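Working through the structure, step by step
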Amino acid sequence: MAKERSDRSLKGGIWPTLLAWLSVIALVASALLMAGAGPAYRWELISLGDAFNLMRNGVYAATAAVAISVLLLLISVFTRRIGAGVVAIFVIATTAALLYMPWQQWQRAQQAPVIHDITTDTQNPPDFVALRDAREAAPNEVDYPGEATARQQQNAYPNVQPLQVTAPKATVLAAAQAEVEASSWQIAAITGNTIEATATTRWFGFEDDVVIRLTERQNGVQVDMRSASRLGASDVGTNARRIETFLDNLGKRLE
């Protein structure tokens with residue numbers, strides 16, 4: 001009997017198993033909270049504030065999963081419970097992967113200026129016409145914010161520049177439309193020299209409006225673009241990346 005109690009004590013008793021289950025439960029809870037926040041808001045089941053609270057609680061659950069797993073790993077070393085150690089390492093690695101995207105977003109938020117309206121022409125930004133009513137109904141302003149935003153954009157995103165091409169305007173317009181459709185943006189209007197469309201983010205379903213303007217020059221066509229969020233003070237660099245990616249892809253289409 002004494003030997004059995006000694007062996008059970010050496011193996012850590014029920015604690016390794018209990019901690020292993022707790023770490024897995026905390027990991028699953030974290031994944032559900034963080035993954036579900038965006039779709040729940042997108043489907044209008046909860047408010048944006050509640051969605052951010054879900055994400056915050058998901059991070060707390062992930063932190064708890066890591067803390068429990070570290071304790072479990074230490075116990076597994078002293079009690080020689082290899083299985084418990086494997087569970088601990090798995091939970092820590094999975095939690096790190098789970099937290100990578102929020103951490104990356106947080107890093108971008110620290111580096112990005114608090115602006116949400118980006119354009120290749122800060123002096124004469126393309127105007128929203130077909131999307132004006134939709135933008136007026138949204139929290140963010142319709143008109144370009146002005147010089148302060150322009151300075152912040154130029155400092156943070158110097159590569160946001162117009163695209164110069166030598167193709168005819170009709171060819172450029174057709175290529176731009178094709179690229180908009182390839183990007184799965186919802187087209188609101190196409191005129192002789194502009195395309196207006198709405199891009200919807202995959203996770204939260206945030207709507208950002210885009211206008212592409214073509215201007216004929218002596219040596220070809222200049223393509224200017226504006227991308228503006230309907231909601232939020234900062235876009236965490238999303239609109240600048242959208243413009244750079246779109247114009248780069250458009251340039252390749254026209255090569």
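Residues numbered from 1 in each chain as written. Predicted model: local features only at pLDDT ≥ 70, side-chain atom pairs only at ≥ 80, totals over all residues. Heavy atoms only, no water.

**Examining the pairing of strand S5 (residues 207-217)**
What counts, and what does not: By the convention used here, strands pair only if DSSP detects at least 2 bridges between them. Helix and strand assignments follow DSSP, with helices taken as H or I runs no shorter than four residues and strands as E runs no shorter than two, numbered in order from the N terminus.
Where strand S4 (residues 194-200) meets S5, seven bridges bridge the pair, whose relative direction is antiparallel. Residue Thr 198 lies in a different strand from S5, and its bridge partner there is Asp 209. Alignment of S5 against strand S6 (residues 220-229), held across ten bridges, turns out to be antiparallel. Looking across to S6, one finds that Arg 213 is bridged to Asp 224. Once S5 ends, the chain turns through two residues before running back antiparallel as S6.

**Brief notes about the packing of helix H2 (residues 15-42) against helix H4 (residues 82-111)**
Each pair of packed helices can be summarised by the angle the axes make with each other and by the distance between the axes. What counts here: Fitted lines through C-alpha atoms give the axes, limited to the stretch in contact for helices. The angle between two N-to-C directions lies from 0 to 180 degrees. Throughout this description, any angle smaller than 35 degrees is read as roughly parallel, any larger than 145 degrees as roughly antiparallel, any in the 65 to 115 degree range as roughly perpendicular, and the remainder as oblique. Throughout, a crossing is termed right-handed when the near helix is turned clockwise from the far one, and left-handed when it is turned anticlockwise from it by less than a right angle. Any pair of residues with heavy atoms lying within 4.5 Å of one another is described as a contacting pair.
The interhelical angle for the contact between H2 and H4, taken along N-to-C directions, is 15 degrees, at an axis separation of 10 Å. Our classification of the angle between H2 and H4 gives roughly parallel. Of the two possible hands of crossing, H2 and H4 adopt the one that is left-handed. Residues Pro 16, Ala 20, Ser 23, Val 24, Leu 27, Ser 30, Ala 31 and Met 34 of H2 pack against Ala 84, Val 87, Phe 90, Val 91, Thr 94, Thr 95, Leu 98, Leu 99 and Pro 102 of H4.

**Regarding the confidence of the model for the protein chain**
Basically, it comes down to this: Per-residue confidence from the predictor is reported as pLDDT, which spans 0 to 100.
With 95% of its residues at a pLDDT of 70 or more, the protein chain shows a mean pLDDT of 91. Predicted confidence for residues 1-10 stays below pLDDT 50, and this span has two contacts to residues more than four positions away or in other chains.

**Notes on the packing of aromatic side chains**
Using the following cut-off: The criterion for an aromatic pair is that two Phe, Tyr or Trp rings (for Trp, the six-membered ring) have centres within 6.5 Å, with stacked assigned to planes under 30 degrees apart, edge-to-face to planes over 60 apart and tilted to the rest. For the exposure calls, accessible area comes from a 1.4 Å probe over protein chains only, and a residue counts as buried if that area is under 20% of its type's maximum, exposed if over 50%, partly exposed in between. Geometrically, a charge over a ring is one whose NZ (Lys) or CZ (Arg) sits within 6 Å of the ring centre while staying within 35 degrees of the ring normal.
In this structure the tally under the stated criterion is seven aromatic pairs. Taken together, a centroid distance of 5.8 Å and an interplanar angle of 50 degrees make the contact between Tyr 41 and Phe 206 tilted. Here Tyr 41, found in helix H2, pairs with Phe 206, found in the loop between S4 and S5; they are 165 residues apart in sequence, far enough to count as distant. The partly exposed category is assigned to Phe 206, whose relative accessible area is 25%. Measuring from ring centre to ring centre gives 5.8 Å for Phe 52 and Phe 204, while their planes differ by 45 degrees; the resulting arrangement is tilted. In this pair, Phe 52 sits in helix H3 (residues 48-79) while Phe 204 sits in the loop between S4 and S5, placing the two residues 152 residues apart along the sequence. The cationic tip of Arg 135 hangs over the ring face of Phe 128; the distance from NZ or CZ to the ring centre is 5.0 Å.

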